[in-house]
Amino acid sequence: MSKLLIVGTVAFDAIETPFGKTDKILGGAATYIGLSAANFNIHSAIVSVVGEDFPEEYLTMLQNKNIDTSAIEVVEGGKTFFWSGRYHNDLNSRDTLETQLNVLADFEPVVPDDYKDAEIVMLGNLHPMVQLSVLEQMSSKPKLAVLDTMNFWMDNALEDLKKVISKVDVITINDEEARQLSGEYSLVKAARAIEKMGPKYVVIKKGEHGALLFHNDQIFFAPALPLEEVFDPTGAGDTFAGGFAGYLTKTDDLSFENMKKAIIHASNLASFCVEKFGTQRMENLNREEVQKRLLEFRELTQFEIELSS
Ligand code: AMP
């Protein structure tokens with residue numbers, strides 16, 4: 001079976017939404033990616049770093065999902081990466097209140113030997129030099145390298161970010177960030193400009209408005225499932241990326257047609273993530289729920305149309 005190597009933050013988050021506020025809870029890009037990809041029963045491992053303040057039970061929870069956590073370094077005396085954010089009333093936009101890099105500031109990732117030949121590498125959100133270092137440690141070129149990032153790194157490490165972007169096959173990015181990175185307002189033009197930076201596939205996430213997949217002249221669109229209640233969008237983008245990479249790892253088929261399916265699985269999993277605060281919903285998701293919602297997706301998007309001659 002193919003293997004998925006994941007890198008990204010494992011973090012503490014403090015979140016404010018119109019529905020409430022949390023203290024420090026489990027978060028981080030790699031956490032959400034791992035929990036999402038775990039739905040495909042694949043072999044996966046996370047490369048990340050936490051501080052001594054990080055509860056053992058969180059690592060155990062990830063291990064129970066069959067995620068290899070041996071490459072999550074625990075720094076003695078160190079403090080875990082911390083992010084806090086506040087969502088606006090529409091829940092589509094948020095302000096970052098604080099980002100404390102803590103142990104991430106000096107992190108030197110080490111890819112475990114048995115994942116150096118992983119077929120798929122998911123470079124989740126964290127410092128682009130760490131993402132690059134992970135790619136460089138692979139013993140063979142992965143079949144697919146997927147990169148996710150955010151405006152924080154565009155503001156603070158743009159040149160490094162461009163370097164790693166030039167080396168990946170797929171980038172997943174939200175609409176605002178795609179505009180910032182490309183300098184183009186039209187998302188079609190933005191995707192074209194980002195393709196020129198390296199990735200052959202560009203996925204632009206538009207929150208509750210779905211996601212677009214661009215590849216050469218082809219475009220595919222998947223809606224987000226219209227939900228009655230969105231509670232906390234944190235991690236939806238990472239859950240999406242984890243679903244995308246997890247499905248491709250499971251199916252081992254990198255055709256455009258299969259990538260479309262991966263986008264649907266990704267949207268489906270992200271729709272669960274937003275239903276509760278933090279990782280709660282993803283920790284307790286079962287196969288039946290996932291299958292049922294996939295059917296809803298099919299109902300939502302399928303139609304027949306006759307073209308007049
Ligand atoms: P998302 O809502 O998908 O953008 O992801 C939110 C997650 O990203 C949170 O759990 C944070 O811990 C994590 N995060 C926030 N800022 C950063 C950053 N600059 N680098 C890496 N991860 C971050």
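Preceding this section is the structure that the text describes.
Rules used throughout
- Residues numbered from 1 in each chain as written.
- Predicted model: local features only at pLDDT ≥ 70, side-chain atom pairs only at ≥ 80, totals over all residues.
- Heavy atoms only, no water.
- Helix = DSSP H or I, 4+ residues; strand = E, 2+ residues; numbered from the N terminus.
- Contact = heavy atoms within 4.5 Å.
- Near = heavy atom within 4 Å.
- Polar contact = N/O pair within 3.5 Å; in protein donor to acceptor, adjacent residues only side chain to side chain.
- Areas by Shrake-Rupley, 256 points an atom, 1.4 Å probe, with all protein chains shown as cover.
- Nonpolar A, V, L, I, M, F, W, Y, C, P; charged D, E, K, R; others polar.
- Buried < 20%, exposed > 50% of the residue type's maximum accessible area, 1.4 Å probe, protein only.
- Arc of directions from axis to C-beta.
- Axes fitted to C-alpha atoms, helices over the stretch in contact; angles between N-to-C directions.
- Parallel < 35°, antiparallel > 145°, perpendicular 65-115°, else oblique.
- Left-handed = near helix turned anticlockwise from the far one by under 90°.
- Salt bridge = Lys/Arg side-chain N within 4 Å of Asp/Glu carboxyl O.

### A short note on the environment of Gly124
Thought 1: Summarising the element assignment, Gly124 is placed in the loop between β10 (120-123) and α3 (128-136).
Thought 2: Through-space distance from the C-alpha of Gly124 to that of Ile33 is 7.6 Å; in sequence the pair is 91 residues apart.
Thought 3: Not counting the four nearest positions on each side in its chain, Gly124 is found in contact with Val7, Gly8, Ile33, Gln131 and Asp148.

### A short note on the site of the ligand
Thought 1: The environment of the ligand is formed by 20 residues, the closest being Asp13, Gly28, Arg94, Gly235 and Asp238.
Thought 2: Take Arg94: an N or O atom from its side chain is 2.9 Å from an oxygen atom of the ligand.
Thought 3: The contact in question runs from an oxygen atom of the ligand to an N or O atom on the side chain of Asp238, over 2.6 Å.
Thought 4: Protein burial of the ligand: of its 500 Å² of free accessible surface, 94% is covered by the chains.
Thought 5: At the level of secondary structure, the elements contributing two or more residues to the shell around the ligand comprise β2 (11-17), α4 (151-156) and α8 (236-251).
Thought 6: The element contributing the most residues to the shell around the ligand is α8, with three residues.
Thought 7: Considered class by class, the residues forming the shell around the ligand number ten nonpolar, seven polar and three charged.

### Describing the side chain of Asn125
Thought 1: Examined against the element boundaries, Asn125 turns out to sit in the loop between β10 and α3.
Thought 2: You can call Asn125 buried: its relative accessible area is 11%.
Thought 3: Side chain to side chain, Asn125 and Trp153 meet in a polar contact 3.0 Å long.
Thought 4: The contact partners of Asn125, leaving out residues within four places of it in the chain, are Gly8, Thr9, Ala29, Gln131, Asp148, Thr149, Met150 and Trp153.

### Let's talk about helix α6 (residues 175-182)
Thought 1: For α6, every residue scored as buried is listed here: Glu177, Ala178, Leu181 and Ser182. In a view along the axis of α6, the buried residues occupy a sector of 120°, so they form one face of it.
Thought 2: In the core, the buried residues of α6 are packed alongside α4, α5 (158-165), β12 (170-174), α7 (187-196) and β13 (201-205).
Thought 3: Positive backbone phi, approximately 75°, marks Gly183, located one or two places after α6.

### Some points on the packing of helix α1 (residues 29-37) against α8
Thought 1: In contact at an axis separation of 7 Å, α1 and α8 are set at 45° when each is read in the N-to-C sense. Our classification of the angle between α1 and α8 gives oblique. Here α1 runs over α8; the crossing is right-handed. Each of Ala29, Tyr32, Ile33, Ser36 and Ala37 in α1 lies in contact with α8, whose residues at this interface are Asp238, Thr239, Gly242, Gly243 and Gly246.
Thought 2: When the residues that make up the contact of α1 with α8 are grouped by side-chain class, the tally is four nonpolar, five polar and one charged.

### Considering α5
Thought 1: Of the positions making up α5, those classed as buried are Leu161, Val164 and Ile165. In a view along the axis of α5, the buried residues occupy a sector of 105°, so they form one face of it.
Thought 2: Where α5 is buried, its residues touch β10, α3, β11 (144-148), α4, β12 and α6.

### Observations regarding the pattern of salt bridges
Thought 1: Considering all chains together, one arrives at 13 salt bridges under this definition.
Thought 2: Salt-bridge contacts for Asp169 lead to Lys200; the nearest nitrogen and oxygen are separated by 2.7 Å. Of this pair, Asp169 sits in the loop between α5 and β12 while Lys200 sits in the loop between α7 and β13, and the two are 31 residues apart along the sequence.
Thought 3: Residue classification places Lys200 among the partly exposed residues on the basis of a relative accessible area of 42%.
Thought 4: Its salt-bridge partner being Arg192, residue Glu195 comes within 3.6 Å of it at the nearest N-O pair. Of the two residues, Glu195 and Arg192 are both situated in helix α7; the distance of three residues between them amounts to about one turn of the helix.

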